[in-house]
Amino acid sequence: MNKKEILEKYKASKPKDEGIEYIDNKANKWGVKGILSILSIVIIYNFISGIRNMGFLSMMFAYLGMESYGRYKASKNTTYIYAAVLGIFTSIVYLVNYIVDTI
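A. Layout of helix α1 (residues 3–12). Little of α1 is tucked away: 0 of the 10 residues are buried. A positive backbone phi angle near 50° is found at Lys14, which sits one or two residues after α1.

Here's what the structure looks like:
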């Protein structure tokens, strides 16, 4: 292959820009911290007020379970798969409970 073919092949592969990837990762981390903070405040407020939190808890555990699954897929660390199964199972339990409460 000559230089031109190599350059065209490289451009066609659309390599990831590490700077943009870094910014996306930082932004996602702050977004997640914000969502979990607000969700935690709402859950605590509802608990103090005597309001059931099944829907909010279902969302929180779904997020935590799926994040753990993503970490497992990336690292193959078995601790993450246990956390994922537990989080997703807990989310389903809270979701079913929420649906039963609202029927």
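B. Main features of a nonpolar patch on the surface. Together, Leu95, Tyr98, Ile99 and Ile103 give the surface a local cluster of nonpolar side chains, amounting to about 430 Å² of exposed area. Note on placement: Tyr98 falls in helix α4 (residues 78–102). Of the residues examined, Tyr98 reaches a relative accessible area of 39% and is grouped as partly exposed.

C. How the structure looks around the pattern of salt bridges. Enumeration according to the criterion identifies 2 salt bridges in this entry. Note that Asp101 and Arg52 form a salt bridge whose closest N and O atoms lie 2.7 Å from each other. Placement of the pair is Asp101 in helix α4 and Arg52 in the loop between α2 (18–49) and α3 (54–75), with a sequence separation of 49 residues. A salt bridge links Glu67 to Arg71, with the shortest nitrogen-to-oxygen separation between them at 3.0 Å. Pair noted here: Glu67 and Arg71 are both in helix α3, with a separation of 4 residues, about one helical turn. Judged by its relative accessible area of 29%, Glu67 is partly exposed.

Cut-off values and rules
Residues numbered from 1 in each chain as written. Predicted model: local features only at pLDDT ≥ 70, side-chain atom pairs only at ≥ 80, totals over all residues. Heavy atoms only, no water. Buried < 20%, exposed > 50% of the residue type's maximum accessible area, 1.4 Å probe, protein only. Helix = DSSP H or I, 4+ residues; strand = E, 2+ residues; numbered from the N terminus. Patch = residues over 30% accessible without salt bridge, like charges linked within 9 Å, V, L, I, M, F, W, Y side chains within 5 Å. Areas by Shrake-Rupley, 256 points an atom, 1.4 Å probe, with all protein chains shown as cover. Salt bridge = Lys/Arg side-chain N within 4 Å of Asp/Glu carboxyl O.

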